[in-house]
Structures are given as structure tokens and as C-alpha cells.
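Observations on the three-dimensional arrangement
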Amino acid sequence: MKDTEYMLMALQLAKKGCGFVNPNPMVGAVLVKDGRIIGQGFHQRYGAPHGERNALASCRESPEGATLYVTLEPCCHYGKTPPCVEAILQSKIRKVVIGSHDPNPLVAGKGIRQLRQQGIEVVEGVLKEECDKLNEVFFHFIQTGTPYVVMKYAMTMDGKTAAYTGASKWITGEAARRKVHEDRHRYSAVMAGIGTVLADDPLLTCRMEGGRNPLRIICDTQLRTPLSSQIVSTAGEVPTVIATACTKPEAHLPYIKAGCRILPLPQKDGHLDLKELMIKLGEEKIDSILLEGGGILNWSALQAGIVNKVHAYIAPKLFGGANGKTPVAGMGVPFPKDAFFLTNSTVNHLGEDIFIESEVKPYVHRNY
Ligand SMILES: NC(=O)c1ccc[n+]([C@@H]2O[C@H](COP(=O)([O-])OP(=O)(O)OC[C@H]3O[C@@H](n4cnc5c(N)ncnc54)[C@H](OP(=O)(O)O)[C@@H]3O)[C@@H](O)[C@H]2O)c1
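Every value quoted in this text rests on a predicted model; they were computed, and no experiment measured them.

In this section: the overall build of the chain. Counting secondary structure elements, the chain contains twelve helices and 16 strands. Evaluated residue by residue, the chain yields a buried proportion of 52% over its 368 residues. Just so you have it, the chain exposes about 17400 Å², and 53% of that area is on carbon and sulfur atoms. Charged side chains of the chain number 42 positive and 37 negative; the gap between the two group centres comes to 2 Å.

It is worth spelling out the site of the ligand at this point. Close contacts around the ligand come from 29 residues, with Thr196, Asp200, Thr221, His271 and Ser300 the closest. Here an oxygen atom of the ligand and a side-chain polar atom of Arg224 are 2.9 Å apart. A distance of 2.6 Å separates a nitrogen atom of the ligand from a polar atom in the side chain of Ser300. For the ligand, the accessible surface in isolation is 910 Å², of which the surrounding protein chains cover 91%. Breaking the shell around the ligand down by element, the ones donating at least two residues are β6 (148–156), α8 (194–200), β12 (271–272) and α12 (295–304). Here the shell around the ligand gets five residues from one element, more than from any other, and that element is α8. Here the shell around the ligand is built from residues that sort into eleven nonpolar, 13 polar and five charged.

Turning next to the pairing of strand β4 (residues 95–100). For β4, a buried count of six out of six residues is recorded, marking the element as mostly surrounded by other parts of the structure. Pairing of strand β3 (residues 67–72) with β4 involves five bridges; the strand directions are parallel. In the strand pairing of β4, Thr67 is matched with Lys95. With three bridges connecting them, β4 and strand β5 (residues 121–123) associate as parallel partners. Counterpart to Val97 in the pairing with β5 is Val123. The handedness of the β4 to β5 crossover, carried by helix α4 (residues 110–117), is right-handed.

Our next topic: the pattern of salt bridges. If you walk through the whole model with that rule in mind, you get twelve salt bridges. Asp34 is the salt-bridge partner of Arg36, the closest N and O atoms lying 3.8 Å from each other. Measuring nitrogen to oxygen at the nearest pair gives 2.6 Å for the salt bridge that ties Lys128 to Asp132. With a gap of four residues between them, Lys128 and Asp132 both fall in helix α5 (residues 128–134), about one helical turn apart. A residue is classified by how much of its surface remains accessible, and Asp132, at 21% relative accessible area, is partly exposed. Within this structure, Asp34, Arg36 and Glu61 form a network of salt bridges that share partners.

Right, let's get into the packing of aromatic side chains. All told, the structure shown has four aromatic pairs when counted by the stated rule. Here the aromatic rings of Tyr6 and Tyr69 are separated by 4.9 Å at their centres, their planes lie at 35 degrees, and the arrangement is tilted. Of this pair, Tyr6 sits in helix α1 (residues 3–15) while Tyr69 sits in strand β3, and the two are 63 residues apart along the sequence. Of the two residues examined, Tyr6 and Tyr69, each falls in the buried class.

Our focus in this paragraph is the environment of Gln12. Along the chain, Gln12 falls in helix α1. Given the relative accessible area of 45%, Gln12 is considered partly exposed. Each C-alpha atom of the pair Gln12 and Val27 lies 9.5 Å from the other, and the pair is 15 residues apart in sequence.

Moving on to the sheet that holds β5. The strand order across the open sheet formed by five strands is β2-β1-β3-β4-β5, and the pairing between neighbours is mixed. Two strands close off the open sheet at either side, each with one partner strand: β2 (36–42) and β5. Within this sheet the neighbouring strands show an average axis-to-axis angle of 20 degrees, counted without direction.

Membership of the largest hydrophobic core comes to 34 residues, with the highest contact counts inside it found for Met191, Ile217, Leu274, Leu277, Met278, Leu281 and Ile289. If you list the elements that add at least two residues to this core, you get β6, β7 (189–193), β8 (215–219), β9 (240–244), α11 (274–283), β13 (288–291), α12 and β14 (309–315). Considering each element in turn, this core owes the most residues, five residues, to α12. When near neighbours in sequence (up to four residues on either side) are disregarded, Ile217 contacts Ala189, Val190, Met191, Ala192, Val241, Leu281 and Ile289. Leu68, Cys75, Val85 and Ile88 belong to the second largest nonpolar core, which has 27 residues in total.

Cut-off values and rules
- Residues numbered from 1 in each chain as written.
- Predicted model: local features only at pLDDT ≥ 70, side-chain atom pairs only at ≥ 80, totals over all residues.
- Heavy atoms only, no water.
- Helix = DSSP H or I, 4+ residues; strand = E, 2+ residues; numbered from the N terminus.
- Buried < 20%, exposed > 50% of the residue type's maximum accessible area, 1.4 Å probe, protein only.
- Areas by Shrake-Rupley, 256 points an atom, 1.4 Å probe, with all protein chains shown as cover.
- Lys, Arg positive; Asp, Glu negative; His and termini not counted.
- Charge placed at Lys NZ, Arg CZ, Asp CG, Glu CD.
- Near = heavy atom within 4 Å.
- Polar contact = N/O pair within 3.5 Å; in protein donor to acceptor, adjacent residues only side chain to side chain.
- Nonpolar A, V, L, I, M, F, W, Y, C, P; charged D, E, K, R; others polar.
- Pairing = 2+ DSSP bridges.
- Right-handed = clockwise from strand over helix to strand, strands pointing away.
- Salt bridge = Lys/Arg side-chain N within 4 Å of Asp/Glu carboxyl O.
- Phe/Tyr/Trp six-rings, centres within 6.5 Å; stacked < 30°, edge-to-face > 60°.
- Axes fitted to C-alpha atoms, helices over the stretch in contact; angles between N-to-C directions.
- Core = buried A, V, L, I, M, F, W, Y, C linked by side-chain atoms within 4.5 Å.
- Contact = heavy atoms within 4.5 Å.

See below:
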């Protein structure tokens, strides 16, 4: 087998950690000796041993002289677990083949350097693009300290996210909705505005078998979330944060009693300061957010420069109506040249629906 084939195996292993390792990276590792796979492992859970150590622990024979294929540069610092470089050296592995470099300032090339200094052959950049893509959330979070934000919406082919009555259930079919539940498992939090809570009374939980519920964040400047809403009535079982500028402790009390956490935030332009919210969530190690807001919150998030990616689900149907909701509302940009530009788009079919995934190009300063 070739290096790329072993690395592909390591990538498949790494993906098994999806949704369970945040804010750590997903990492997979395969150990090969004399053309045979003698060990494999992946990072299974935040705080648990890394992929390299799990691969070593799974060995049925001595790893001495083996080649390690690992999707991310091995760590060389003490975190929740001791450094993987140490374990590699102790096990007398001969060669290490790496996918991504680790941009974590505590690692950033030092892992590779230490291995080479100890006489281990290191090959870098095998399936780098695929390995980098797997950990886009980790790479963003470790470098900025704020969550990676994916703005997700479902719309009709005439660009409506709800009919003129405000009703939006359901726009897309089952396959698309299944993917949304996978993403709620994948990302650490989901976020919506009070407008969506009032219109849809959503649950925002993960209904994927074996999945885990994300933290639910509601942006609610004036604390208007109904105590009878599904969000509040399930807050005892599903972690829920209501971000608000309301400072009255007596108004907070019924939400706290129901199991919600109140996150006080300053206002900016009459709503919550989203940049400040991202800083606070980053401090709490929330590395990623699936933004399931309506158009008003989506526009603000774009304006604040916090959106990294867009997930657009497009259903082959038309709602019409000048008052039908659209995915991004607000004032809009004055001219086409002022658009928020997207890049690296991929297009896929999910049942009858079309799924477009794009990255948001870095922002320039905007005055509107
Ligand atoms: N098809 C889809 O994918 C989809 C997804 C979501 C929603 N929807 C539809 O969209 C409609 C609701 O849209 P919406 O735009 O009214 O709701 P929204 O974007 O979810 O909520 C907007 C509200 O969030 C609050 N908010 C708090 N901080 C904010 C900030 N920094 N920037 C902007 N808003 C902030 C504002 O009220 P306060 O400042 O008073 O708190 C604002 O009015 C519903 O019809 C729903 O069915 C469709």
C-alpha cells in the first residue's frame, strides 16, 4: 500500500472522533511494520489519549522500526495528556508520516523538529489538503480563540426561508434534515435569534442516533424568550444559554430555575454585541457554532465578521410573496461590489435538495 492509502485509513479513523473531541482536533493514526498494519487508533474524546497513543496501545507486536501515519503533527507539550512525541520516541518508531502541521503555538513545527533531532525520518504533507479540511474548526479556534461559525439555512429556489405567514416547517427533505442533525452533533453549539424562537418554537437538539446535543444559544437582547417555549422547558436536559442585555436579576430567575444559563452581554446598535459574545464563548472553549438564525441575526453576524462558512440547503420549490423571509435580511449591501464574497464552494445533492457549502472570504472594513 502507498503512503496516501495508509493516510486515508488514518483520516477515516480520525473522523470517528467527530463531535466528541472538541475543542481538540480529530486525529487518526495507523502503525505499519513490514507492510502490515500492527496498530491503529484515534482521538476518541476530549481529555482522553491522543490518536498516536491509542494506535501504540493497540499494537499486538513491538512497534520498534515501524512507520506511523498520523493525520496531524504529533504534540510535544504537556496538556491534558503527556506529549505524543515522547511516546513515539519511547516506542522506537523509525519513520513518521504526517498530514497537517499543527498551528497550535505550543506545537507549530516543534513536534516535527524534535522527532528529526532524535533521528526519526519525517515525511510531511501527505493528503495535507484533506487533513487540513478535517480540522478547519480546530485550526481556526487555536489561532483566534473564538468559535468557527457556520451559517446554515434552508431556502426555496426563489430564496425564501419561510412563507409569508412565517411558517418554515419543512422546506427541505429528510436527507437534508439528517445532515443538519449530523452537524448539530459535529459543532459544539447552535445559535438562533429570538425571532426564530417566537416564530418556530424550535428544539434545536440533535436527533442523530448516538449523537450529542450541542449547547443551545439564544440571542435575546430584551429577554423575551417565552417560559413556555420548548427551549426553556427542555433546558433541564439540554444545555441552554440565553444571551441577553437584560440586567434585572428578578427577570433572570425563572429562566435559571428552568435550567437555562443567562449570559449577560453589552448591546451594540440596539442588539447584542456578537463579537463580544464570540470572545466569551471562546473563553468557555466553545470552538464552533452552527448558526441557525433567521435573516436578522444572520445579517448581523455577517456584518460583525464572525461567519466563516455558509451551508445553503436549496429545495426545488417556490414560495413567492414579497413578505416571505430571506436567509440574510438587514439593510443589505448598497452595490454588488460590496457583497460578502464566498469561495471554495462545493455543490452536492441531498435527495431532491441541493446543498452548497462555501467559505466566507476574509472581511474588509464595512460601514453599513
Ligand atoms: N429556513 C431556515 O433555514 C430558517 C432558519 C431560521 C429561521 N427561519 C425563519 O426566519 C424567521 C425568523 O427570522 P428573524 O430574522 O425574525 O429571526 P432571528 O434572526 O432568529 O432573530 C432576530 C432577533 O434576534 C435578536 N437579536 C439579538 N441580538 C442580535 C443581533 N446582534 N443582531 C440581530 N438580531 C439580534 C433581535 O431581537 P432583540 O434584539 O429584541 O433580541 C432580532 O429581532 C421565522 O419565520 C423562521 O421560521 C428560517
